[in-house]
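Working through the structure, step by step
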Amino acid sequence: MAKGRISLFVTCVVDQLFPNVGIAMADVLERAGYELDVPENQTCCGQPAFNSGYREEARMVAEHFRKVFADAEYVIVPSGSCASMISHHFHDLQVKVAPKVYEFSTFLTEVAKIEDFGAKFDGVVTYHDSCHALRDLRIKEGPRRLLSKVRGLELREMDAAEECCGFGGTFSVKFAGISGGMARTKIESIKRTGADTIVSIDSSCLMQLQGAISREGLNMKTMHLAEVLASK
Amino acid sequence: MIDAFEKKIGETLADPALQLKIYTNTATLVDKRKTAVSEEAFPEYQELRTKANALKRHAIEHLDLYLEQFEANVIAHGGKVIWCRDATEVSDFVLNLAKERQAKLIVKSKSMTTEEIDLNERLEHHGLEPVETDLGEYIIQLRHERPYHIVAPALHLTRHDVADVFTEKLGIPHDTVIENQTMTARGLLREKFLAADIGISGANFLVADSGAVVLVENEGNARLTTTAPKIHIAVAGIEKIIPRAQDLGVFLKLLGRSATGQPLTVYTSFLSGPKRTGEIDGPEEFYLVLLDNGRTKLIADEAKRQSLYCIRCGACLNICPVYRKIGGHSFPWAYSGPIGAIISPQFLGIDHTPKLPFASSLCGACADVCPVKIDIPQVLLDLRAEVSKSPLEHRAFRIFAWMMTHPAIYRLSAKIGLKLFFLAKLAPPAKAWLSQRDLPNPPEKSFTDLWKLRAKKS
């Protein structure tokens, strides 16, 4: 029984680098009973240009997003950062979008109101609060509640859960030394939990952390929340 | 090209001992603040932040009115108000007064505003002897350094570093016991207080309706600075004004807690003009220097003028993951950390510090702890939009925007472009990324490809 039709904006990062996150999100939302629409012409939210100070270029991309999703009722995004760009900063670009835009986990807890997807995942997990999700969208408890319903999963809080991973878009290459240092500080906190898996709702943070884990040769992995919820 | 900013960042990151000092000392301040503003300890915290923001907004938007009211009250109390456009006007005033009064020794209490205008260097250059009397400031003055932190100027030093500088500069035996170091400084500074001709302080708040200068401190040195010498000069930025004495409670409750986790600092002084007939304490002459130094330029900018709400608590420095890596001396001006990153470009001119607004992951932790709710990340974004860009980068973002508005081209060029990026490990962005961490393995198929396959199957 379909609950209704919702649209997915998978983001450029997920589209190009972490396609399985998009597939997992689609699986979970279908399991929740939604019919999915994935507009073919979607690209990016424009945040790279906006955060680098290129307002006109960002506005062009935001305007493209607006047109692509003009007929959608709900748009679900597997990223707190991109969702916050759309809901908070499109305003700075004088772009107003018609649909309700939700970050993935928030849509599950607040609209679908489903927290148990019958997922099974054996592992010790620690959750990384991505900055824009935490501070712009005030997402804190939702993803943890969703994780707590996953069978076999043990959730352990790290002391620096709310500290930035250091990614920050072009900051990660413009000030690579600071960015890398921030990732290593974060990983020290993760190590203290004894967790084997780091979960977040932003793939770009996970790319940063995974890169640092791999460089240090640590026995840990990163997963998007959607991938955990889709696990059987 | 590596500039002075990036050079200093590199040096700080490469110094493990310094990294540890910054991290541990900021962590202490972070923890103290967190406890002090917790729901149990301070239930009215969020409400007071909102109030403080509204009060500052009102004060800054009516600055002309309140400054004149404040001046009239200072004059009524027997003080004088000196309006200064810039650093030179302040030092000229102090130098002339010192000359007229044949003054040489000046005691100073902690003031970021005087750091901002390099007042000590200017006075020393003309043969005067300014002596910092806040312990941290005294230590860094001996080291000829700028403050490392708005509230904790010697945050980057351990007691061993202090013992070193005392031995080197004061010629005393090496002693790493903090109490002994404090007693040494206290003994030396008492003599300076008694002999000083002029005391120079900053100001935490200027109260328009009472004409009072409010100073908060923990060591008692500001009290001595402002009362022992015959002349007291307070130097304050014009944004320090608050309309009414009754609003002070809001700020005093927030300031101590945000800065050091104290419900109230040890001393809070209200100074209203010189000593009056019959009073035992206080200076014979009182001058209040009102400094612009670029502040009126900021007021003109509606979106960014909130930068002037700052009450200099330093909470944004302590919580900032970037400050905690690069420390205070990497910043180009006296003000460091997130607040320094937004006010330095606005005071000094944006193209003077073009890279500064970009040295942030925009994590927003600063805005979350700001007691007056300055939206620092938003101001950083606005500044980024104003900086003159390199033509090369601008072209890259034009291409980005063109690609992202032409889906077919985006998909095709992403296929080729990503492969190239992963192959071209020597291209500057890839090289910068790889200097710190590994790249993910690029997937065989994009989400769009996988989704099309899935649609075909079903």
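Residues numbered from 1 in each chain as written. Chains lettered and ligands numbered in written order. Predicted model: local features only at pLDDT ≥ 70, side-chain atom pairs only at ≥ 80, totals over all residues.

Once that is clear, we can look at the overall build of chain A. Across its full length, chain A holds 12 helices and 8 strands. Radius of gyration (C-alpha) of chain A: 17 Å, near the 17 Å computed for a compact globule of 232 residues. With the C-alpha coordinates aligned to their principal axes, the bounding extent of chain A is approximately 45 × 45 × 25 Å. For chain A, with 232 residues in total, the buried portion stands at 59%. Contacts spanning at least 24 positions in sequence make up 77% of the contacts within chain A whose residues lie at least 6 apart. (Helix = DSSP H or I, 4+ residues; strand = E, 2+ residues; numbered from the N terminus. Rg over C-alpha atoms; globule rule 2.2 N^0.38 Å. Buried ≥ 20, exposed ≤ 12 C-beta atoms within 10 Å, placed from the backbone. Contact = placed C-beta atoms within 7 Å.)

Residues and elements named next belong to chain A. Strand order in the open sheet made by the 4 strands is β2-β1-β3-β4, with parallel pairing throughout. Across the chains shown, the open sheet's two edge strands, defined by having one partner strand only, are β2 (34-37) and β4 (100-103). The sheet shows a mean angle of 35° between the axes of neighbouring strands, taken without regard to direction. Note that strand β1 (residues 4-8) and β2 share 4 bridges and pair parallel. Bridge pairing in β2 links S7 to D37. Relative to the sheet, helix α2 (residues 19-31) contacts β1, β2 and β3 (74-77), its axis offset from that of β2 by approximately 145°. (Pairing = 2+ DSSP bridges. Axes fitted to C-alpha atoms, helices over the stretch in contact; angles between N-to-C directions.)

With that out of the way, let us pick up the interface of chain A and chain B. One frequent convention defines the size of an interface as the accessible area lost when the parts assemble. Of the residues lining the interface, 52 residues belong to chain A; the matching set on chain B comes to 48 residues. Elements with a minimum of two residues in the side of chain A that touches chain B: α1 (12-16), α2, α3 (47-51), α4 (55-68), α7 (131-136), α9 (171-174), α10 (176-193) and α11 (203-216) of chain A. Residue contributions to the side of chain A that touches chain B peak at 8 residues, all from α10(A). Of the residues that constitute the side of chain A that touches chain B, the class distribution is 24 nonpolar, 20 polar and 8 charged. (Nonpolar A, V, L, I, M, F, W, Y, C, P; charged D, E, K, R; others polar.)

Residue and element names in this part refer to chain A. Domain boundaries in chain A define domain 1 (4-111) and domain 2 (117-230). Relative to domain 2, the C-alpha centre of domain 1 lies at a distance of 21 Å. With 28 residues of domain 1 at the contact, the number on the domain 2 side is 24 residues. Taken together, the elements giving at least two residues each to the side of domain 1 that touches domain 2 come down to α1, α2, α3, α5 (80-89) and α6 (104-112). Sort the elements by how many residues they give to the side of domain 1 that touches domain 2 and α2 lands first, with 7 residues. Of the residues assigned to the side of domain 1 that touches domain 2, the class counts are 13 nonpolar, 12 polar and 3 charged. (Domains from an automatic or database assignment.)

What follows deals with the packing of α4(A) against helix α19 (residues 391-404) of chain B. It is the contact of α4(A) with α19(B), at a shortest axis distance of 9 Å, that shows an interaxial angle of 10°. Put simply, α4(A) runs roughly parallel to α19(B). Residue-level contacts link A:E57, A:M60, A:V61 and A:H64 of α4(A) to B:F397, B:R398, B:F400, B:A401 and B:M404 of α19(B). Per-class residue counts for the contact of α4(A) with α19(B) are 6 nonpolar, 1 polar and 2 charged. (Parallel < 35°, antiparallel > 145°, perpendicular 65-115°, else oblique.)

On the basis of which strands lie adjacent, the open sheet formed by 4 strands has the order β8-β5-β6-β9 (chain B) and mixed pairing. Two strands lie at the open edges of the sheet, namely β8 (241-242) and β9 (267-271) of chain B, each paired on one side alone.

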